[in-house]
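What the coordinates show
Residues per chain are reported as follows:
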Amino acid sequence: MARGIIIREQHFPGRAPIDAYGNGGFRFADMSHRGSILCLPSGIYGWDVADGADIDEESLARVLSEAAEIEVLLVGTGKNLMPLKRPLREALKAAQVSADPMSTGAAVRTFNILLAESRAAAAALIAVE
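Below is a summary of the structure that appears in this document. (Residues numbered from 1 in each chain as written. Predicted model: local features only at pLDDT ≥ 70, side-chain atom pairs only at ≥ 80, totals over all residues. Heavy atoms only, no water.)

So, about the nonpolar core. Counting 19 residues, the largest nonpolar core has Leu38, Trp47, Ile55, Leu60, Val63 and Leu73 as the members making the most contacts within it. Residue assignment for this core shows that the elements contributing at least two residues are β5 (36-40), β6 (43-47), β7 (72-76), α2 (86-94) and β9 (121-125). Val63 has contacts with Leu38, Leu40, Ile70, Leu73 and Leu92, leaving out every residue within four places of it along the chain. Counting 18 residues, the second-largest nonpolar core is a separate cluster that includes Ala16, Phe28, Ile37 and Leu115. (Core = buried A, V, L, I, M, F, W, Y, C linked by side-chain atoms within 4.5 Å. Buried < 20%, exposed > 50% of the residue type's maximum accessible area, 1.4 Å probe, protein only. Helix = DSSP H or I, 4+ residues; strand = E, 2+ residues; numbered from the N terminus. Contact = heavy atoms within 4.5 Å.)

So, about the packing of aromatic side chains. For the structure on display, the rule yields zero aromatic pairs. The positively charged end of Arg62 is found above the aromatic ring belonging to Tyr45, 3.9 Å away from the centroid. (Phe/Tyr/Trp six-rings, centres within 6.5 Å; stacked < 30°, edge-to-face > 60°. Lys NZ or Arg CZ within 6 Å of the ring centre and 35° of its normal.)

So, about the side chain of Thr77. Positionally, Thr77 belongs in the loop between β7 and α2. According to the relative accessible area criterion, Thr77 is buried, its value standing at 5%. Here Asn80 takes part through its backbone oxygen, which lies 2.7 Å from a polar atom of the side chain of Thr77. In terms of polar contacts, Thr77 uses its side chain to reach the backbone amide nitrogen of Met82, at 3.1 Å. Ignoring any residue separated from it by four or fewer positions in sequence, one finds Thr77 in contact with Gly52, Ile55, Met82, Pro101, Met102, Ser103, Thr104 and Ile126. (Polar contact = N/O pair within 3.5 Å; in protein donor to acceptor, adjacent residues only side chain to side chain.)

Written as structure tokens, this is what we have:
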């Protein structure tokens with residue numbers, strides 16, 4: 001019996017460079033994704049954050065759960081740099097994750113370089129138009 005459409009959490013189970021960004025999304029691994037993404041050691045996930053002001057411990061819970069495998073977290077805050085809130089910076093520091101906020105474009109470029117060097121890097125990237 002047909003069960004209809006099954007909606008699953010957006011997840012690419014691997015590490016891949018970001019081939020392109022803009023128009024509200026990203027291209028990677030011969031696929032495209034509309035919206036923001038988290039690039040973690042366990043894969044690339046859809047991320048329900050559209051504004052840098054909404055980045056907090058809750059939105060980065062998945063990053064904190066994988067902190068043992070992450071040295072650097074690149075945070076693409078959109079078109080412009082936005083500082084991370086103090087409680088979030090403290091939570092990441094306690095988890096021994098160095099967080100570097102920057103524009104999404106700069107974060108994508110830096111992530112691709114660190115990924116090519118096999119560094120323990122992750123990225124939280126807000127989609128830009």
